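What the coordinates show
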Amino acid sequence: MVSLSEAYAIAIGHHRAGRMGEAAGIYRAILDADPRQADALHLLGVLAGQTGRVEEALPLIAQAIALDPGAADYHDNLGSLRRTAGDATRAAGQHARALALEPARAKAAVNRGLALGDLGRMGEALRCFRTALRLDPGSGAAALAAGRLLAGGPEPRTAERWLAHALALAPDSADGWAAVGRARLAAGEADGAVTGYGRAARLRPGDGAALSNLAMATLQASGALPEFPRADRPEARWAEPLARALDLFLAALDRGAGEVAEGALFRTAVLTIHRGMLDDVRLERIGWRARGRLRRAPGDGAAAACIAHGLYRRGRLVTASRLARRCLRGWSEEAIRADPQAAKWRQVDARLVFLDALAGYRPRIAGAGERSMPVPPVAGGGAILLVSVDSGYWRRFGGWFLSHVLKDPAGDRVHVHIVNPGAEDRADLDRRCADQPGRLSWSLERIDLSVHAPGAETTYYACARFFVALELLERTGAPVFITDIDARCTAPLAPELRDGAGWDLTVMRDRRARGPFDDIIVSFLGVAPTAAGREFLGLVGAYIGWFFDRGEAAWTLDQAAPYAVLHDWARRGRTPRLREHEFLRLPWFDFPVKGEG
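So, here is what we can say about the structure in this document.

What follows is about the overall build of the protein chain. From N to C terminus, the protein chain includes 27 helices and ten strands. Computed over C-alpha atoms, the radius of gyration of the protein chain comes to 34 Å, more than 25% over the 25 Å expected from 2.2 N^0.38 for 597 residues, which places it beyond the range of a compact globule. Its C-alpha atoms put the protein chain at 110 × 45 × 40 Å along the principal axes. Relative to its full complement of 597 residues, the protein chain shows a buried share of 55%. Residue pairs at least 24 apart in sequence account for 67% of intrachain contacts in the protein chain once pairs closer than 6 positions are excluded. Within the structure as shown, the protein chain displays about 25700 Å² of accessible surface, and the carbon and sulfur contribution to it stands at 53%.

Given below as structure tokens:
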């Protein structure tokens, strides 16, 4: 037999030591002996709340208050439970009653401030925190609560002053350092946010949320995010922080971080792939995560893109294209076009049945407009550089481009194809051709593209050059090199390319494995007047037309098409005479130069 006070002492000892089952058993034994023991009801309610059973805890503490309405700590703890249950209004009132009963209770002032903060009553909340600090100058909880409340708001400097006070009282507060990270992000100081979140993660290494926050800050500090560009973080410096952010997201997920971190992982991976900075080992780890995600959410486009990219790198393009298309089933057209990866992967079709059908396909888009050549190139005479633009791009870059490409008297011929030109454009091109007889020619196309989805106009300007290239090849018997009007020509083509002897295709590859729509870069693609060259252009045109005819054309279709055709030829054992050049080391052009136009 033990006394009531001894029973309480034993129960509280268990409770403080985390032996919740033993403590609860003694509290219940006390209540079995005397159901009106308010302290036992209160402490049993506190224990239930601490173990996540809030609905069980609330009536227990309410019963304790009914037995002893003057106990301030009962009201204070009931208020905290109500806030946990999402009832901040009643919580604030409960804490106010605790303060009315015990005005010097600093903890109740902090708790009331937290509830008022949840209600958006910032001024009242801060007054509560100041009251708590006046009552207890060593209350790090009050300073931390104020700093956290202000950290994501419009006054991050005020938040940091509160947090500095909190950290002076508790230098190893992970919550304090995390709030510093949040405040510095709000102030636009991503590097400072990395410092704050980094300290929080080191203090709490098993906390997935802490690692996820650090990953987010690292990503923003990198300068790689389009919405957070940094002049002091050029693209050449992005690889290390992007890799670190991915590793942190993976570690966060291993430690229980939720869907926000998972979604950020896949989006960051897609960004890193697009920049050519994701290695195979990390992509495999991310792909494993993505497969789990797709089992739970089959429509997650970023997760599917990560898996598809991994398959493409392993030479399994057919499987990758099937996966992407299966994932997109049920997506609306608006959703596909709003997701660049979805729109790109929809245009990758490596199935034999599809590619077999291209040989006999006559695309409607190829004949939808009226095409003519006011100044055609002459037969023979060496290679032709072909650009295809709209009126806006011609006016922006035309003169600049020609000043580079035609400056060498022994240089290459140029053909400009312009879609829907104005009268001013026609006059400009006629004048320029007259000034450069035999070197410059041009064609035009009148076509209504309004029936296609937004953005398809720009895609068509890029794709139309394949139709024009085939026409030039047949007309002149000279090799045709597709290029961009916003690229800088640095030297004439090599003699072996200019005469078209000994090769069928000349391609420029991006060796960074950015995807089947970024592998072959058509800013430089040459086709010789051979049977293989003509067949290649015909198949690429049919591929492009198939997607245009079905309203599915989007940016990079002009690069997905030649890649798919060459991939299919390699699979069938066909070996066109192919010359390849590295995108970043092409000796005749520099890319890109849009900022100089």
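Having put the structure on the table, let's press on.
Our next topic: the environment of Thr 195. Looking at the secondary structure, you find Thr 195 in helix α12 (residues 190–203). With relative accessibility at 43%, the residue Thr 195 sits in the partly exposed group. For the pair Thr 195 and Leu 311, spaced 116 residues apart in sequence, the C-alpha separation works out to 37 Å.

Let us look at the packing of helix α10 (residues 156–169) against helix α11 (residues 174–186). The interhelical angle for the contact between α10 and α11, taken along N-to-C directions, is 165°, at an axis separation of 9 Å. Taken together, the axes of α10 and α11 lie roughly antiparallel to each other. Along this stretch, α10 crosses α11, giving a crossing that reads as left-handed. Only Gly 176, Trp 177, Ala 179, Val 180, Ala 183, Arg 184 and Ala 186 of α11 make contact with α10, whose side of the interface consists of Pro 156, Ala 159, Glu 160, Leu 163 and Leu 167. Residue composition of the contact of α10 with α11, by class: nine nonpolar, one polar and two charged.

Inspection of the entire model under this criterion finds 53 salt bridges. Arg 293 serves as the salt-bridge partner of Asp 300, at 2.9 Å between the closest nitrogen and oxygen. For the pair Asp 300 and Arg 293, a shared accessibility class is recorded, and that class is buried. We note a salt bridge from Glu 580 to Arg 509, for which the minimum N-O separation is 3.1 Å. In this pair, Glu 580 is assigned in strand β9 (residues 578–582) and Arg 509 in strand β7 (residues 505–509), connecting sequence segments 71 residues apart.

Close contact between helix α7 (residues 106–118) and helix α8 (residues 122–135) brings their axes to 8 Å; oriented N to C, the two are set at 165°. In terms of their interaxial angle, α7 and α8 are classed as roughly antiparallel. The element α7 and its partner α8 pack so that their crossing is left-handed. Contact residues: Ala 106, Ala 109, Val 110, Arg 112, Gly 113, Leu 114, Leu 116 and Gly 117 in α7; Glu 124, Ala 125, Cys 128, Phe 129, Thr 131, Ala 132 and Leu 135 in α8.

Moving on, we get to the nonpolar core. Ile 286, Trp 345, Tyr 460, Phe 536, Tyr 543, Ile 544 and Phe 548 are the most contacted members of the largest nonpolar core, which has 96 residues in total. Looking at this core, the element that brings in the most residues is helix α24 (residues 456–476), giving eleven residues. Once residues within four sequence positions are removed from consideration, Ile 544 is found in contact with Cys 463, Phe 466, Phe 467, Leu 557, Asp 558 and Ala 561. Among the nonpolar cores identified, the runner-up in size contains 35 residues, and Trp 503, Phe 583, Leu 586 and Trp 588 belong to it.

Pairing is mixed in the open sheet, where eight strands are placed in the order β1-β4-β3-β2-β5-β8-β7-β9. The two strands at the open ends of the sheet, each matched to only one other strand, are β1 (370–375) and β9. Direction aside, the axes of adjacent strands within the sheet are offset by 20° on average. Both strand β5 (residues 480–483) and strand β8 (residues 520–527) contribute to a ladder of four bridges, which runs antiparallel. Bridge pairing links Thr 483 to Phe 524 in β8. In the packing of helix α22 (residues 391–405) onto the sheet, contacts are made with β2 (384–390), β3 (413–419), β4 (440–446) and β5, and the angle to β2 comes to roughly 155°. Seen against the sheet, helix α26 (residues 531–549) touches β7 and β8 and runs at an angle of roughly 140° to β8.

Secondary-structure assignment places His 404 in helix α22. On the accessibility criterion, His 404 (18% relative accessible area) is buried.

Moving on, we get to the environment of Asp 232. Looking at the element boundaries, Asp 232 is found in the loop between α13 (208–222) and α14 (239–254). A relative accessible area of 38% places Asp 232 in the partly exposed class. Sequence separation between Asp 232 and Val 416 is 184 residues; the distance between their C-alpha atoms is 38 Å. Polar contacts involving the side chain of Asp 232 include one to the side chain of Arg 230, which spans 3.0 Å.

Two aromatic rings are characterised by how far apart their centres lie and by the angle between their planes. On inspection of all chains with the given rule, the structure shows 16 aromatic pairs. Ring geometry for Tyr 460 against Phe 548: centres 5.6 Å apart, planes inclined by 90°, an arrangement best described as edge-to-face. You can see Tyr 460 sitting in helix α24 and its partner Phe 548 sitting in helix α26, a full 88 residues away along the chain. Here the aromatic rings of Phe 589 and Phe 591 are separated by 6.0 Å at their centres, their planes lie at 25°, and the arrangement is stacked. For the pair shown, Phe 589 and Phe 591 are each scored as buried. Chaining the aromatic ring pairs together yields one cluster made of Phe 481, Trp 503, Phe 524, Phe 583, Trp 588, Phe 589 and Phe 591.

It helps to recall that an α-helix has 3.6 residues per turn; residues three or four apart then point in one direction. The end-to-end C-alpha separation of helix α17 (residues 301–313) is 18 Å, in line with the 18 Å expected for 13 residues at 1.5 Å each. Across the 13 residues of α17, twelve count as buried, placing the element largely inside the fold. Where α17 is concerned, the buried positions are Gly 301, Ala 302, Ala 303, Ala 304, Ala 305, Cys 306, Ile 307, Ala 308, His 309, Gly 310, Leu 311 and Tyr 312. Close packing links the buried residues of α17 with α15 (259–274), α16 (280–296), α18 (317–327), α20 (340–346) and α27 (557–571).

To continue, consider the side chain of Asp 349. Looking at the secondary structure, you find Asp 349 in the loop between α20 and α21 (352–358). Asp 349 gets classed as buried once you look at its relative accessible area, which sits at 1%. A polar contact is formed between the side chain of Asp 349 and the side chain of Arg 351, at a distance of 2.6 Å. Excluding its chain neighbours within four sequence positions, the residues that come into contact with Asp 349 are Ser 321, Arg 325, Phe 354, Leu 355, Tyr 543, Phe 547 and Ala 564.

What counts, and at which threshold
Residues numbered from 1 in each chain as written. Predicted model: local features only at pLDDT ≥ 70, side-chain atom pairs only at ≥ 80, totals over all residues. Heavy atoms only, no water. Helix = DSSP H or I, 4+ residues; strand = E, 2+ residues; numbered from the N terminus. Rg over C-alpha atoms; globule rule 2.2 N^0.38 Å. Buried < 20%, exposed > 50% of the residue type's maximum accessible area, 1.4 Å probe, protein only. Contact = heavy atoms within 4.5 Å. Areas by Shrake-Rupley, 256 points an atom, 1.4 Å probe, with all protein chains shown as cover. Axes fitted to C-alpha atoms, helices over the stretch in contact; angles between N-to-C directions. Parallel < 35°, antiparallel > 145°, perpendicular 65-115°, else oblique. Left-handed = near helix turned anticlockwise from the far one by under 90°. Nonpolar A, V, L, I, M, F, W, Y, C, P; charged D, E, K, R; others polar. Salt bridge = Lys/Arg side-chain N within 4 Å of Asp/Glu carboxyl O. Core = buried A, V, L, I, M, F, W, Y, C linked by side-chain atoms within 4.5 Å. Pairing = 2+ DSSP bridges. Polar contact = N/O pair within 3.5 Å; in protein donor to acceptor, adjacent residues only side chain to side chain. Phe/Tyr/Trp six-rings, centres within 6.5 Å; stacked < 30°, edge-to-face > 60°. Expected span 1.5 Å × (residues − 1).

Spatial relationships are all this shows, so hold off on functional conclusions.
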